[in-house]
Amino acid sequence: MNSAILGTGSYVPEHVLTNADLERMVETSDTWIVERTGIRERRLVESGQACSDLALEAAQRALLSANVKASDIDLILLATCTGDTSLPSTACLLQHRLGATKAAACDISAACCGFVYALSIADAYVKTGMRYVLVIGAEVMSAITNWTDRNTCVLFGDGAGAVVLGLGSPDSGVLSTHLHANGRLSEMIHVPGGGSKEPASREVLDNKRCYIHMKGNETFKIAVKSMEEAAQEAVKANGVIMGDIDLFIPHQANMRILKAVSQRLGLAQEKLMINLDKFGNTSAASIPLALDEAVQSKRIQKGHLVLLAAFGAGLTWASALVRW
Ligand SMILES: CC(C)(COP(=O)(O)OP(=O)(O)OC[C@H]1O[C@@H](n2cnc3c(N)ncnc32)[C@H](O)[C@@H]1OP(=O)(O)O)[C@@H](O)C(=O)NCCC(=O)NCCS
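Residues numbered from 1 in each chain as written. Predicted model: local features only at pLDDT ≥ 70, side-chain atom pairs only at ≥ 80, totals over all residues.

S.K.: How do you make sense of the packing of helix H8 (residues 216-237) against helix H9 (residues 255-265) when you look at a structure like this?
M.R.: Two packed helices can be described by the angle between their axes and the distance between those axes. With their axes 9 Å apart at the nearest point, H8 and H9 run at an angle of 40° to one another. When the axes of H8 and H9 are compared, the pair comes out oblique. Taken as a pair, H8 and H9 cross one another with a handedness that is right-handed. Contact residues: H8 offers Phe220, Ala223, Val224, Met227, Glu228 and Ala231, while H9 offers Ile257, Ala260, Val261, Arg264 and Leu265. Within the contact of H8 with H9, the residues separate by chemical class into nine nonpolar, no polar and two charged. (Axes fitted to C-alpha atoms, helices over the stretch in contact; angles between N-to-C directions. Helix = DSSP H or I, 4+ residues; strand = E, 2+ residues; numbered from the N terminus. Parallel < 35°, antiparallel > 145°, perpendicular 65-115°, else oblique. Left-handed = near helix turned anticlockwise from the far one by under 90°. Contact = placed C-beta atoms within 7 Å. Nonpolar A, V, L, I, M, F, W, Y, C, P; charged D, E, K, R; others polar.)

S.K.: How do you make sense of the pairing of strand S6 (residues 133-140) when you look at a structure like this?
M.R.: Residues in a regular strand point their side chains to alternate faces of the sheet. S6 sits mainly inside the fold: eight of its eight residues count as buried. Across five bridges, strand S4 (residues 75-79) lies against S6 in parallel orientation. Residue pairing across strands places Leu75 opposite Val133, the latter belonging to S6. Pairing of S6 with strand S7 (residues 158-167), which is carried by eight bridges, proceeds in the antiparallel orientation. Residue pairing across strands places Gly137 opposite Gly161, the latter belonging to S7. (Buried ≥ 20, exposed ≤ 12 C-beta atoms within 10 Å, placed from the backbone. Pairing = 2+ DSSP bridges.)

S.K.: Is there a simple way to explain H9 in this structure?
M.R.: Along an α-helix, a turn takes 3.6 residues, which lines up residues three or four apart on a common side. Every buried residue belonging to H9 is among Ile257, Leu258, Val261, Ser262 and Leu265, and all of these are buried. Down the axis of H9, the buried set is contained in an arc of 120°. They therefore lie on one face. Taken together, the buried residues of H9 touch H8 and strand S11 (247-250). Gly266 occupies a position one or two residues after H9 and carries a positive phi of about 75°. (Arc of directions from axis to C-beta.)

S.K.: Would you mind showing me how to read the site of the ligand here?
M.R.: The environment of the ligand is made up of 21 residues, and the closest members are Thr28, Gly216, Phe220, Ala253 and Asn254. Every element with two or more residues in the shell around the ligand is listed here: helix H2 (30-37), helix H6 (150-153), H8 and strand S12 (305-312). Per element, the largest residue contribution to the shell around the ligand is five residues, and it comes from H8. Of the residues in the shell around the ligand, the class split is ten nonpolar, nine polar and two charged. (Near = placed C-beta within 6 Å.)

Keep in mind these values describe shape, not function.
Written out as structure tokens, the structure reads:
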């Protein structure tokens with residue numbers, strides 16, 4: 001028996017940061033950002049709003065749509081690289097605020113692949129007898145963004161998405177998941193300071209070591225190749241062909257990456273889910289945020305074959321094939 005996505009939910013903070021706003025912060029232009037990334041605006045948290053606040057809203061909406069009570073959840077997996085604090089896990093804060101009293105809870109750290117990694121772990125638990133697992137991707141990327149670096153600050157945004165996983169049927173639900181990592185390329189996208197290697201200090205702050213550093217151009221090329229590979233792997237593993245896919249939901253990193261990947265896969269534009277124009281790259285939140293939008297807007301219907309593919313820091317890459 002497969003695990004199935006019983007409900008979805010998402011939440012983005014109200015504050016909108018447009019490309020015009022960024023023009024006033026760094027040397028950039030709306031034209032450059034739209035042409036090179038496809039992003040027009042992103043959402044940012046208000047001061048005092050943290051990862052758990054976004055996760056809570058998304059989780060509550062997912063529970064409501066799944067018609068599952070928080071007290072019935074067995075496990076909470078929160079994918080994030082921007083948790084409220086480094087200790088305890090943000091999943092534990094969420095467990096308390098949801099009133100999910102019997103749930104075990106932990107964070108999953110796999111950057112932009114975090115949601116697909118967490119989905120894969122949740123799937124394994126449901127298949128081996130667990131009843132309900134709450135899987136969330138929630139990020140406050142604005143907290144680790146250097147707002148004076150035009151190479152990175154135009155890309156990221158804040159948000160959260162969640163799903164409730166429970167028992168499905170033999171021919172629907174999560175059909176397979178595929179996870180990969182290559183730590184040799186860890187410095188392609190990283191936050192060098194603020195952890196145990198370079199603990200928080202005045203120097204770390206002054207040298208902007210607690211913010212995302214990224215080799216954008218090299219990352220771009222690997223992202224296209226890895227997401228294509230992961231997508232092909234999921235399709236092959238299930239004996240279907242790319243033409244059978246009803247909706248492709250890739251990690252929302254850059255419009256040019258998404259278009260290049262779907263072109264290589266031979267997928268028509270109408271099968272590609274895009275919402276990064278409104279939210280930018282929200283890391284682990286990006287796929288569940290797009291998934292919830294696709295469900296809400298009825299782009300996903302019962303029986304549809306939905307392909308998820310992600311890529312991110314680590315480096316990590318991953319995919320999942322879901323029969324709705
Ligand atoms: C970051 C990214 C948008 C840059 O686009 P690009 O086409 O690769 O641009 P380049 O890095 O080659 O830079 C081209 C020029 O634009 C400039 N530039 C960079 N950011 C700019 C900005 N926001 N506004 C205006 N110019 C900018 C660069 O300084 C460079 O100028 P130069 O030629 O004078 O040196 C693109 O590489 C990308 O999206 N990479 C993947 C990043 C990603 O998705 N990371 C997360 C993965 S989960």
